[in-house]
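Working through the structure, step by step
Chain residues, written in single-letter form:
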Amino acid sequence: MSPDGRYEAVTHDVNAVIDTLCGVRLRERNGLFSRQAEVWTAHEGQRCPARVSFTGDNTISIVDARGREITAHFDPDRMQVVAGTDAVGS
């Protein structure tokens, strides 16, 4: 959960044709009409992240199964990832 309690980052399975991949999704915690956005998807054959956490109100840290740290920044108004290292589809 983000420091201000407005967002949560969750891992989820992404259904692919052959494999099931793992991803990280950002969700608002506003109730019924909350928005969500894809933050990161693991490469084919890679396991789910070892750790996902917020390092600031608009920054998510993902430690992948290999121990690599991936940082993603998001725009809370537009609810989309705006910058990152290996974020969204990398």
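Description of the structure in this document. For clarity, every value in this text was computed on a predicted model and none was experimentally measured. (Residues numbered from 1 in each chain as written. Predicted model: local features only at pLDDT ≥ 70, side-chain atom pairs only at ≥ 80, totals over all residues. Heavy atoms only, no water.)

What to know about the sheet that holds strand β1 (residues 7–15)
- Spatially, the three strands line up as an open sheet ordered β1-β2-β3, and their pairing is antiparallel. Each edge of the open sheet is held by one strand with a lone partner, namely β1 and β3 (36–41). The average angle at which neighbouring strand axes cross in this sheet is 30 degrees, direction not considered.
- In terms of strand pairing, strand β2 (residues 20–28) meets β3 through five bridges, oriented antiparallel. Across the sheet, Gly 23 pairs through a bridge with Thr 41, a residue of β3. (Pairing = 2+ DSSP bridges. Helix = DSSP H or I, 4+ residues; strand = E, 2+ residues; numbered from the N terminus. Axes fitted to C-alpha atoms, helices over the stretch in contact; angles between N-to-C directions.)

Some words on unusual backbone geometry
- Positive phi, normally seen in glycine, also occurs at Met 79, with a value near 55 degrees.
- Topologically, Met 79 is positioned in the loop between β6 (69–75) and β7 (80–84).
- Residue Met 79 is classed as buried on the basis of its relative accessible area, which comes to 5%. (Buried < 20%, exposed > 50% of the residue type's maximum accessible area, 1.4 Å probe, protein only.)

Describing the pairing of strand β4 (residues 51–56)
- When β4 meets strand β5 (residues 59–63), the two strands line up antiparallel, connected through five bridges. In the sheet register, Phe 54 faces β5, and the bridge partner there is Ile 60.
- Here β4 folds back onto β5 in antiparallel fashion, the turn holding two residues.

Some points on the packing of aromatic side chains
- Taken as a whole and judged by the stated rule, the model has two aromatic pairs.
- Pairing Tyr 7 with Phe 74 gives two aromatic rings, centres 5.3 Å apart and planes at 70 degrees, and the pair type is edge-to-face. Of this pair, Tyr 7 sits in strand β1 while Phe 74 sits in strand β6, and the two are 67 residues apart along the sequence. Considered together, Tyr 7 and Phe 74 belong to a single accessibility category, that of buried residues.
- With a centroid separation of 6.3 Å and an interplanar angle of 80 degrees, the aromatic rings of Phe 54 and Phe 74 are classed as edge-to-face. Of the two residues, Phe 54 is situated in strand β4 and Phe 74 in strand β6; the sequence distance between them amounts to 20 residues.
- A relative accessible area of 14% places Phe 54 in the buried class.
- Each residue in the set Tyr 7, Phe 54 and Phe 74 is aromatic and connected to the rest through ring pairs, giving one cluster. (Phe/Tyr/Trp six-rings, centres within 6.5 Å; stacked < 30°, edge-to-face > 60°.)

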